[in-house]
Each structure stands twice: as C-alpha cells, then as structure tokens.
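Descriptive analysis of the structure
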Amino acid sequence: MADDRFHVYDTTLRDGAQQEGLNLTVADKLALARHLDGLGVGFIEGGWPGANPKDTEFFRRAQTELDLKHAQLAAFGATRRAGVKAADDPLVAALRESGAPVVTLVAKSHDRHVELALRTTLKENLAMIRDTVSHLRAEGQRVFLDAEHFFDGYASNPAYALEVLRTAAEAGASVIALCDTNGGMLPDELADVVHAAVSTGARVGIHCHDDTGCAVANTLAAVKAGATHVQGCANGYGERSGNANLFTVVANLQLKKGFDLVPPESLRDMTRIAHAITEVTNVTPNSHQPYVGTSAFAHKAGLHASAIKVDPNLYQHIDPSMVGNDMRMLVSDMAGRASVELKGKELGYDLTSDQSRQLVERVKELESRGHTFEAADASFELLLRDTVTGERRRHFSVESWRVIVERRPTGEVASEATVKLHAKGERIVATGEGNGPVNALDKAVRLALEKLYPELAGVELIDFKVRILEGTHGTDAITRVLITSSDATGDWSTVGVAENIVEASWQALEQAVTYGLLRAGYSA
Ligand SMILES: [Zn+2]
C-alpha cells in the first residue's frame, strides 16, 4: 500500500471517461484499473455507483476480478439530497454498498451554484456535507471531498468556500480536493487560494482541468502551496481540453522535485503503460505527450547530431529510460553524416565513413524526390542494409503486377490485383480481391508468399496515408504513400513515391513485406 502522506489519485475511469469520443465498457475499466495499479497510483476512482448502472457493475466485478497491489478503489458520488437523511438516501446507500474502501463525495462550494444549480440554501448545503461525510465515516469508509468550482467559488464568496472546506474536514473527510472545475485558473492565482485553504488546517488536494493549458502547472503550484493529494487522468484524458495529465504530474514530481510517489521500476514502465492504455481506450496516442510520447525524445538533429553523438544528455532534460522511453534520431533532409551514423548505431549497424557518406547522399537524393524517412524508419533501414551489403537484396523479386478497379452494375466498386513474383526459385502468380487497389495488391502479395513464408499471415497493414506533393522543376504533382504495418511485437512504416498512386503504394507495400520478413528472421 502506498504511503499515505502524499496521494496520487487517478480519475481516468470517471472524469477521464468524459472525453469526447471515449467510451469504456466495464471490461475496459477493469483493464485500465490494472494498468494504473501497475504504475503504482494510490487511488483509482472507479465511477459513480448507483447513478450509472455500468459503474455499479464495475464495483461489483472489481471485488472478485481486481487484485490491486498498490491502489485502493474510490467510489464517486454526491452528498445527500436536500431535506432527507444521508442514511435514507438511496444514492448514498449505493456508495456505502459499493465495496470501495474510499468514497469521494462531490459537493458544491460556490454559493451561486448552491442557489442556482442545487436550488437549496447555503446552510442546507453545509448540512448535506456534514451529514453525508459523518454517515459514511460511521459506516467505516474513508471519505474524500471534491469541492466543485472551488476556485470560482472562492472568488465569488471566499468565506463560504472555506466554510465548506472546514465543515467537511470537521465531519471527518480526510482530504478536501479543490477542483478547478471550469479549468480557467492560472498558477499564481491558484496557488494563493490553495494557500488560504491549507491555512485552515484541513488536508488539501487538487483537481485541475486543462482549459488554460495549465492543468499540470496548476497542480504543481498547488503542491508547492501545500496540497498533498493530486488528481489527474492517464494521458490527460477528460472533457473539453482534458484533465491534468497524471503521467506528467507524477514524472515531474518524482524526477524534478524528489517526491517518492511510485516505485522507480514502475516509472520506468510508464511509457509502455501509457501506450497500453491507448489500446484500451482506442484513442490515438499523442506522439508529442511529455515524457511518454514517441516524439518526446526524438531529435531532428542536423547541426546538433555530432554533439548528441558525444553526449546525448546535452540535448535531453532527463535520461529517457527513466520513464521507459527512448531517444530517437530522425533522419531528414537536414541531416548530416553524424545523424545518419547515430541512426545506424541505433539500428545496430556500424557504418564506415565511406558508407555513411554514400547513405547521406542517397537519403538527400530520395528526399529531394519526395521521400520522407522521418516517418518511415523501416524504409531507412532497408536503404541502410543495401548500403552496407553493397547490393539490393530482397526475399522476392517482382516480374509484374496489375490492378483492375471495377464499378459493378450494382454500384459496388471492387478491385482485383494480380502479381507475378519470383521467390526461392519459384515463379508465383497470385490474384487478390479487395475493396480498393492497394487492399487487393496487399492480398495478392501475401497469397503469393504465404506458402513460402507462413509468418506473413501475422502481418497486418494498419495505416495508409497519402499525400500529394507539388511537382518540382516544372513536373507534375507526385504522390507519397506511407504504410504502417504491424505484427505481434510492434509496427513499422515504409514510404513510396511515384506519379501514380498505385505505384507509390506498391513501393511502400513491397518494402513493408520485405521488412516484415526480416523481422520474422528471414535474411534476404
Ligand atoms: Zn473534473
């Protein structure tokens, strides 16, 4: 169990799930809870039992299906309704019976919200807080209080906002989390209010939204002002601009401020966990996300490359391995020999200076014709291998290919592709059908090669991007195709460039299959 002096409180399953386009099943929530527990957070807010049937089911299944090593589950819910006893309120009963050791009660702390949204008196709101907190405490649960709209409330009526905090603390709430519900705060002003709240003697937490782009900065400012409980969401999920990114908050506090929040080995697993979570949420990972994004330590070096080669830490704020990330060199037309050599080393090749000069020339020439190697690591590696071996070695050679696109009388559009290949001394002809020309070609190539290379069955084309590039030197526009493929252990990208979109796709496809075969252990 985590140290109680400082709380890392995750609300991905409740507040993060408010993100537009994010829909979680109960099984998804259980999977996310396991990942978050693996990171070592102290608390996982599972949802609102009683108000939402899916969340009720989550807490029921969590009791038998979750075996948490670090985290405790928290059930989220509101204070009792006006004019009834907490003990008689069915929604409070659902919290009590959730099986969660912690209940986080949301309460109004903004006088105008009490009167206009809750439609009760300021006095009754305080009674609702006092009664609900003390009832749940008496029933054996730990209680945290989310003081909703606290900062706007403090601006409107500071005495009342602090009265809410005092009332909850006196009734037995062990943490009062101050919520910047509208996300409009900036660090300086927020810190002043946190300071005033801490001065009451209550234990204070912080819950920030990112509407000013300051959710993480605000969270850190609150900690500096005395908050000892931070709330946030995995990958910064949340409605509007999102919640404070819990990964950034944890990494900042642990690596920059010396807090001991999660085990160092879990921190070193953070990049993997962040990506595993995107697999569950089906939200495209943000490659620029601090610490864990694939671009977080990617250098488009050029001028800097030779210095990076000597000491990478001159150009990085931390050693990326501390959060399980890697430095990456991007090969671009700005690149010089040093970055090509570095990239070669990253891929496990030691280039002679002659080879790296040749490779740089080749990269520059291809990039001037529209190729991009920054987004096509696998194409670069094939080019590098060709340079090292001095020849273009492939598992198969192409005699010809043909694609037909047909609009049938029914209105359906279908494609059929035929490829003629030579591999392992055989001439193979195969035909594939698909919903488009690239899909048909992909199927035909696999069909042709799968008997010789059964591992190809596990290779999948997962992304296909087309960009029309303006022609240079008076030529027509050309098409660049980027294909991303995956197998059981990872993914790779390849690039093709041609005037004809199908030819560009074919080039990228041919390299994708070749690279997939290399990964499967077949040397060409
Ligand atoms: Zn919130």
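Residues numbered from 1 in each chain as written. Predicted model: local features only at pLDDT ≥ 70, side-chain atom pairs only at ≥ 80, totals over all residues. Heavy atoms only, no water.

An unreviewed UniProt entry lists the protein under the name Citramalate synthase, from Microtetraspora malaysiensis. Per its UniProt entry, the protein bears the Catalytic activity (unreviewed entry) comment "pyruvate + acetyl-CoA + H2O = (3R)-citramalate + CoA + H(+)". Taken verbatim from the UniProt record of the protein, the Pathway (unreviewed entry) comment is "Amino-acid biosynthesis; L-isoleucine biosynthesis; 2-oxobutanoate from pyruvate: step 1/3." (UniProt positions renumbered as here; feature names shortened; annotations may be inferred.)

Here, the residues flagged by UniProt with the feature "domain: Pyruvate carboxyltransferase" (unreviewed entry) are residues 6-274. Structurally, residues 6-274 is divided into 45% helix and 17% strand, and its ends, taken at the C-alpha atoms, are 22 Å apart. (Helix = DSSP H or I, 4+ residues; strand = E, 2+ residues; numbered from the N terminus.)

Attention now goes to the pairing of strand β7 (residues 204-208). With respect to burial, β7 is a largely interior element, five of its five residues being buried. Going residue by residue along β7, you find V204, I206 and C208 tucked away on one face and G205 and H207 tucked away on the opposite face as well. Here strand β6 (residues 175-180) runs beside β7; their pairing, made up of five bridges, is parallel. Note on β7: the bridge partner recorded for C179 is H207. (Buried < 20%, exposed > 50% of the residue type's maximum accessible area, 1.4 Å probe, protein only. Pairing = 2+ DSSP bridges.)

Our focus in this paragraph is the packing of helix α15 (residues 353-368) against helix α16 (residues 377-389). Running from N to C, α15 and α16 cross one another at 140°; their axes reach a closest spacing of 10 Å. With respect to their mutual orientation, α15 and α16 come out oblique. Here α15 runs over α16; the crossing is right-handed. Note on element contacts: α16 touches α15 through F380, L383, L384, T387 and V388, opposite Q355, Q358, L359, R362, V363 and L366. Residue composition of the contact of α15 with α16, by class: seven nonpolar, three polar and one charged. (Axes fitted to C-alpha atoms, helices over the stretch in contact; angles between N-to-C directions. Parallel < 35°, antiparallel > 145°, perpendicular 65-115°, else oblique. Left-handed = near helix turned anticlockwise from the far one by under 90°. Contact = heavy atoms within 4.5 Å. Nonpolar A, V, L, I, M, F, W, Y, C, P; charged D, E, K, R; others polar.)

Our focus in this paragraph is the pattern of salt bridges. In this structure the tally under the stated criterion is 31 salt bridges. A salt bridge links R61 to E57; the shortest N-O distance between them is 3.5 Å. Taken together, the positions of R61 and E57, both in helix α2 (residues 53-65) and four residues apart, correspond to about one turn of that helix. Here E57 falls in the partly exposed class, since its relative accessible area comes to 29%. Here R272 and D269 are joined by a salt bridge, their closest N and O atoms 2.9 Å apart. Among the residues examined, R272 registers a relative accessible area of 47% and is labelled partly exposed. Here the salt bridges share partners, and the residues they tie into one network are R14, D15, E45 and D146. (Salt bridge = Lys/Arg side-chain N within 4 Å of Asp/Glu carboxyl O.)

Side chains of F464, V466, I468 and I501 sit close together on the surface and give an oily, nonpolar patch of about 330 Å² of accessible area. Per-element tally for the nonpolar patch: the top contributor is strand β14 (residues 460-469), with three residues. Along the chain, I501 falls in helix α18 (residues 501-519). (Patch = residues over 30% accessible without salt bridge, like charges linked within 9 Å, V, L, I, M, F, W, Y side chains within 5 Å. Areas by Shrake-Rupley, 256 points an atom, 1.4 Å probe, with all protein chains shown as cover.)

Our next topic: the environment of K443. Position of K443 among the secondary structure elements: in helix α17 (residues 437-449). Once residues within four sequence positions are removed from consideration, K443 is found in contact with G432 and E433.

Residues L145 and V194 are the most contacted members of the largest nonpolar core, which totals 87 residues. Ranked by residue count, the leading element in this core is helix α7 (residues 158-171), at seven residues. Ignoring sequence-local partners within four residues, the contact set of L145 consists of L105, A107, I129, V133, V164, A168, A173, V175, I176 and A177. In terms of nonpolar packing, the next biggest core, distinct from the first, is built from 33 residues, A440, A444, W492 and A498 among them. (Core = buried A, V, L, I, M, F, W, Y, C linked by side-chain atoms within 4.5 Å.)

This part covers the packing of aromatic side chains. Two numbers describe a pair of aromatic rings. These are the distance of the centres and the angle of the planes. If you walk through the whole model with that rule in mind, you get 12 aromatic pairs. Between the aromatic rings of Y453 and Y522, the centroid separation amounts to 4.7 Å while the plane-to-plane angle is 75°, which identifies the pairing as edge-to-face. Residue Y453 is found in the loop between α17 and β14, and its partner Y522 is found in the segment after α18; the two are separated by 69 residues along the sequence. On the accessibility criterion, Y522 (22% relative accessible area) is partly exposed. An aromatic cluster of three or more residues is present, and its members are Y9, F43 and F144. (Phe/Tyr/Trp six-rings, centres within 6.5 Å; stacked < 30°, edge-to-face > 60°.)

We now examine the side chain of R14. Within the secondary structure, R14 is located in the loop between β1 (7-10) and α1 (26-39). One polar contact links R14 to D15, side chain to side chain, over a distance of 3.5 Å. Not counting the four nearest positions on each side in its chain, R14 is found in contact with E45, G47, F76, D146 and H207. (Polar contact = N/O pair within 3.5 Å; in protein donor to acceptor, adjacent residues only side chain to side chain.)

We now examine the sheet that holds strand β13 (residues 426-434). Taking strand neighbours across the sheet as the criterion, the three strands line up as β11-β12-β13 in an open arrangement whose pairing is antiparallel. Of all strands in the sheet, those bounded by a partner on one side alone are β11 (397-407) and β13. Averaged over all pairs of adjacent strands, the angle between strand axes in this sheet comes to 10°, irrespective of strand direction. Here strand β12 (residues 413-423) runs beside β13; their pairing, made up of nine bridges, is antiparallel.

Compared with the 18 Å implied by 1.5 Å per residue over 13 residues, the 18 Å span of α16 between its first and last C-alpha is a close match. Every buried residue of α16 is listed here: A378, S379, F380, E381, L382, L383, L384, D386 and T387. Those residues of α16 that are buried lie in contact with α14 (337-346), α15, β16 (490-498) and α18. Remark: G390 follows α16 within two positions and exhibits a positive phi of approximately 80°. (Expected span 1.5 Å × (residues − 1).)

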